[in-house]
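# Residue-level structural notes
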Amino acid sequence: MILWCMPSCDKQEHQLEGKWLLTRVEESGEITPVDTVWYNFQTSLFQYQIYDKASNTYKSCYGYKVMNDDHSLDLELTFDYEAVQEFLLWTDWEGAKRHFIIESISHRELRLLDGERRYCFSRF
């Protein structure tokens, strides 16, 4: 009975689960298409994955996600300090931690905001 009465407060977090392909980044009226970056979410775990076309290889870094509420997402890469610093060179992240606002999420699309920059993903 107690479980039945618990609210489904994990709805946003549940929708986030899975693999998301970054399709474009929007900032200051400019749209940059992307097709080589994935964000993967499983429970509290996070994986940032990049396909390097030049070497035909994938680069990955792992960490954690925390949802403070339905619209606040914190991501942190924590694999190991040197590996994270090397991986960050392939990204637009300024450090190992990143805070996003979840602008919208559905079963097919995810939009994250960081300041004026919008990241648009589709479920992979």
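Look a little higher up for the structure.
Residues numbered from 1 in each chain as written. Predicted model: local features only at pLDDT ≥ 70, side-chain atom pairs only at ≥ 80, totals over all residues. Heavy atoms only, no water.

The subject of this paragraph is the overall build of the chain. Helix and strand counts for the chain stand at three helices and nine strands. When the elements of the chain are put in sequence order from the N terminus, they spell out α-α-β-β-β-β-β-β-α-β-β-β. The buried share of the chain, taken over its 124 residues, is 33%. Long-range pairs, those at least 24 residues apart, make up 41% of the contacts in the chain between residues at least 6 apart in sequence. Accessible surface computed for the chain: about 8000 Å², of which carbon and sulfur atoms make up 54%. (Helix = DSSP H or I, 4+ residues; strand = E, 2+ residues; numbered from the N terminus. Buried < 20%, exposed > 50% of the residue type's maximum accessible area, 1.4 Å probe, protein only. Contact = heavy atoms within 4.5 Å. Areas by Shrake-Rupley, 256 points an atom, 1.4 Å probe, with all protein chains shown as cover.)

Moving on, we get to the pairing of strand 4 (residues 45–52). Of all eight residues in strand 4, six are buried; the element is thus mostly enclosed. The pairing of strand 3 (residues 37–42) with strand 4 spans six bridges and is classified as antiparallel. For Tyr39, the partnering residue across the bridge sits in strand 4 and is Tyr48. As consecutive antiparallel partners, strand 4 and strand 5 (residues 57–69) are separated by four residues, and within that stretch Asn56 has a phi angle of approximately 55 degrees, a positive value. (Pairing = 2+ DSSP bridges.)

Inspection of the secondary structure assignment puts Trp20 in strand 1 (residues 18–27). Given a relative accessible area of 0%, Trp20 falls into the buried group. Separated by 101 residues in sequence, Trp20 and Phe121 place their C-alpha atoms 5.8 Å apart. At a separation of 2.8 Å, a polar atom in the side chain of Trp20 contacts the main-chain carbonyl oxygen of Leu16. (Polar contact = N/O pair within 3.5 Å; in protein donor to acceptor, adjacent residues only side chain to side chain.)

Within the secondary structure, Glu26 sits in strand 1. Not counting residues within four places of it along the chain, the set of residues in contact with Glu26 comprises Ile31, Glu116, Arg117, Arg118 and Cys120. Within the structure, Glu26 has its side chain in polar contact with the side chain of Arg24 (distance 2.7 Å).

Glancing now at unusual backbone geometry. The backbone of Thr43 sits at a positive phi, close to 45 degrees, despite the residue not being glycine. Counting through the fold element by element, Thr43 comes out in the loop between strand 3 and strand 4. In the Ramachandran plot, Asn56 falls in the positive-phi region, its phi being about 55 degrees despite a non-glycine side chain. Its place among the elements puts Asn56 in the loop between strand 4 and strand 5.

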